[in-house]
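Residues per chain are reported as follows:
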Amino acid sequence: MKCEKIICVDELPKETFKLFFGDTGGMLRVDKTDYPVLMNQFKQGFSKVWMYTAVDFKSDITGWDKLDEVSQRIFLLNNSYQLLMDAGVVNIYNVLAMLSTNTELKLNYQYIAQNESIHAASYSYGLSQMFGSEAEDKTNIVYEDEFIKSRMNDEVDYSGELYQRLILDKEEGPEAKKILFKAIVATYVLEHIKFPFSFFATWSLNKTNDNAIQGFSMLLKLIAQDELDYHVPVNKTVLKILREPRQNFTEEWSKEFVYWYVEKVTKAEKEWSDYLLKDGEVPGFNKKINNNFIEYFADKTLKDLGLEPLYNAKKTDTVDWYNEYRTINNQNASLQEISNINYNKGVVKDDILSNLGMLREI
Ligand SMILES: [Fe+2]
Ligand SMILES: [Fe+2]
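So, a few notes on the structure that sits alongside this text. Nothing here was measured: the structure is a model prediction, and the numbers come from that model. (Residues numbered from 1 in each chain as written. Chains lettered and ligands numbered in written order. Predicted model: local features only at pLDDT ≥ 70, side-chain atom pairs only at ≥ 80, totals over all residues. Heavy atoms only, no water.)

### Comments concerning the overall build of the protein chain
Link 1 in the chain: If you tally the helices and strands in the protein chain, you get 15 helices and zero strands.
Link 2 in the chain: Its C-alpha atoms give the protein chain a radius of gyration of 21 Å, near enough to 21 Å, the size a compact globule of 362 residues would have.
Link 3 in the chain: For the protein chain, the spread of C-alpha atoms along the three principal axes comes to 65 × 45 × 35 Å.
Link 4 in the chain: In the protein chain, of all internal contacts separated by at least 6 residues, the share reaching a separation of at least 24 is 78%.
Link 5 in the chain: Accessible surface computed for the protein chain: about 16,500 Å², of which carbon and sulfur atoms make up 52%.
Link 6 in the chain: Charge centroids of the protein chain, computed over 42 positive and 55 negative side chains, lie 4 Å from each other. (Helix = DSSP H or I, 4+ residues; strand = E, 2+ residues; numbered from the N terminus. Rg over C-alpha atoms; globule rule 2.2 N^0.38 Å. Contact = heavy atoms within 4.5 Å. Areas by Shrake-Rupley, 256 points an atom, 1.4 Å probe, with all protein chains shown as cover. Lys, Arg positive; Asp, Glu negative; His and termini not counted. Charge placed at Lys NZ, Arg CZ, Asp CG, Glu CD.)

### Topic: the packing of aromatic side chains
Link 1 in the chain: Inspection of the entire model under this criterion finds 40 aromatic pairs.
Link 2 in the chain: Ring centres of Phe197 and Phe285 lie 5.8 Å apart, and the angle between their planes is 15°; this geometry places the pair in the stacked category. Taken together, the positions of Phe197 in helix α8 (residues 174–208) and Phe285 in the loop between α10 (255–276) and α11 (287–303) put the pair 88 residues apart, joining distant regions of the chain.
Link 3 in the chain: The class of Phe197 is buried, set by a relative accessible area of 1%.
Link 4 in the chain: Overall, the relative accessible area of 0% leaves Phe285 in the buried class.
Link 5 in the chain: When the centroid spacing of 5.5 Å and the interplanar angle of 45° are considered together, the rings of Trp203 and Tyr322 count as tilted. (Phe/Tyr/Trp six-rings, centres within 6.5 Å; stacked < 30°, edge-to-face > 60°. Buried < 20%, exposed > 50% of the residue type's maximum accessible area, 1.4 Å probe, protein only.)

### Some words on the coordination of the iron ion (ligand 1)
Link 1 in the chain: Protein coordination at the iron ion (ligand 1): the donors are Asp86 (OD), Asp86 (OD), Glu116 (OE), His119 (ND1) and Glu227 (OE), at 1.9 to 2.7 Å from the metal.
Link 2 in the chain: Here the iron ion (ligand 1) and the iron ion (ligand 2) are spaced 3.7 Å apart, linked through Glu116, which binds each one. Here the residue His119 occupies a position in helix α4 (residues 103–131), and Glu227 occupies one in helix α9 (residues 214–241), the gap between them amounting to 108 residues.
Link 3 in the chain: With a relative accessible area of 0%, Glu227 lands in the buried category. (Donors = N, O, S within 2.8 Å, 3.2 Å for Na, K, Ca; no water.)

### Section: the side chain of Asp154
Link 1 in the chain: Structurally, Asp154 can be placed in helix α7 (residues 153–168).
Link 2 in the chain: Relative accessible area serves as the criterion here: at 16%, Asp154 is assigned to the buried category.
Link 3 in the chain: Leaving out residues up to four positions away in the same chain, Asp154 has contacts with Tyr261 and Lys264.

### Notes on the environment of Glu172
Link 1 in the chain: Along the chain, Glu172 turns up in the loop between α7 and α8.
Link 2 in the chain: A residue is classified by how much of its surface remains accessible, and Glu172, at 49% relative accessible area, is partly exposed.
Link 3 in the chain: If we skip the residues at most four places from it in the chain, Glu172 touches Lys2 and Phe21.

### Examining the pattern of salt bridges
Link 1 in the chain: Across all of its chains, the model carries 22 salt bridges by this definition.
Link 2 in the chain: Between Glu295 and Lys270 there is a salt bridge, and its shortest N-O distance comes to 2.5 Å. Taken as a pair, Glu295 in helix α11 and Lys270 in helix α10 lie far apart in primary sequence, 25 residues in all.
Link 3 in the chain: On the basis of relative accessible area, Glu295 is assigned to the buried category, the value being 19%.
Link 4 in the chain: Put simply, Lys315 and Asp320 hold a salt bridge, and the shortest N to O gap is 2.8 Å.
Link 5 in the chain: Lys315 sits in the partly exposed class, given a relative accessible area of 48%.
Link 6 in the chain: Residue Asp320 is classed as partly exposed on the basis of its relative accessible area, which comes to 33%. (Salt bridge = Lys/Arg side-chain N within 4 Å of Asp/Glu carboxyl O.)

### Remarks on unusual backbone geometry
Link 1 in the chain: Phi is positive for Asn248, which is not a glycine, with a value near 60°.
Link 2 in the chain: With respect to the secondary-structure elements, Asn248 resides in the loop between α9 and α10.
Link 3 in the chain: At Asn312, a position not held by glycine, the phi torsion is positive, near 50°.
Link 4 in the chain: In this structure, Asn312 sits in the loop between α11 and α12 (317–325).

### Looking at the side chain of Ser198
Link 1 in the chain: Residue position: Ser198 is located in helix α8.
Link 2 in the chain: Residue classification places Ser198 among the buried positions, given a relative accessible area of 1%.
Link 3 in the chain: Setting aside residues up to four positions removed in sequence, Ser198 forms contacts with Asn78, Tyr81, Gln82 and Arg151.

### Things to note about the packing of helix α3 (residues 69–99) against α9
Link 1 in the chain: At their nearest, the axes of α3 and α9 sit 14 Å apart, and the two run at 35° to each other. Between α3 and α9 lies a crossing whose hand is left-handed. Residues Phe75, Asn79, Asp86 and Tyr93 of α3 touch α9, and the partners they reach there are Phe216, Leu220, Ile223, Glu227, His231 and Asn235.
Link 2 in the chain: Each residue belonging to the contact of α3 with α9 can be placed in one class, and the counts come to five nonpolar, three polar and two charged. (Axes fitted to C-alpha atoms, helices over the stretch in contact; angles between N-to-C directions. Left-handed = near helix turned anticlockwise from the far one by under 90°. Nonpolar A, V, L, I, M, F, W, Y, C, P; charged D, E, K, R; others polar.)

### Points about the coordination of the iron ion (ligand 2)
Link 1 in the chain: Bound to the iron ion (ligand 2) are the protein donor atoms Glu116 (OE), Glu191 (OE), Glu227 (OE) and His231 (ND1), situated 1.9 to 2.2 Å from the metal.
Link 2 in the chain: One can describe the donor arrangement at the iron ion (ligand 2) as irregular, given that its four donor atoms subtend angles of 93 to 148° at the metal.
Link 3 in the chain: On the primary sequence, the residues serving as donors to the iron ion (ligand 2) are separated as E-x74-E-x35-E-x3-H. (Tetrahedral: all angles 85-135°; square planar, octahedral: opposite > 155°, others 65-115°.)

Structure follows, in structure tokens:
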């Protein structure tokens, strides 16, 4: 019988291997691990813990005035959206954590939700450090800009339906599985196409403007590490495991939906790019480069799931630069940038003890 209380000890839970629609009886136990890959991803993700105040934005205060109006607009649109979306993603992961019935997955989703709230707080902290009393007005752009609002419609719709029907209405069965599958795919695509493009925008501005926004660029390296080296791989693992016959998702795992959705998001991201470039282009950040970048990540999103690419986009120098730039331990990173991290010991070393030391310092 399925456990309806916060924890059930009347009988041993069955099918604890099932990621969803199984039964843990509310227990969390690691003595029997069905998916070591998920446990390893959890350990790896946890070892990169950092605090929302980790980056110093002092140099960005003066750097901001060196950006031209086109760059300032792109920066604000992008990072306000990121703040808004990361705050939203906290709730998506909390819902997924509630629904997951496998210990390894639950540990991951609960920690990722926590991770996301640190991201949202760090964007807000960065903007408040940069703009002081003007930060509130600047951040309020998320309530005014129609493009920012519409760029998050899909995630809001898919996760909203998930929350209503699977949590509130307690639906099960094929339709519930389809809703869950779509919400996971939407989250995976968000973090694998939209977020990389947002990071790319800020890093391009920083590169073109002689490190004028190096604090924010450093913050995005920390966030990108969580997103691309932890959250994306976890959802990729989940989508892979859900293809196993014993997970009972064979009918609902829809290649057609993945293709349809990736194509939809790719088109929408190109429109977002055009909107960012409405008042002019920035060297290294123009329509041609951006469209290639978006298509390259759309292809990668599909290939990572074992699906054929849609665009066969070339891996350009820009993509190579982006991949190199985002690596925090990159030896080419300027010393100035590195000095922007406060208490960075735990971040630059993959060492859990250093991380705990970092937390104590904070
Ligand atoms: Fe995030
Ligand atoms: Fe994320």
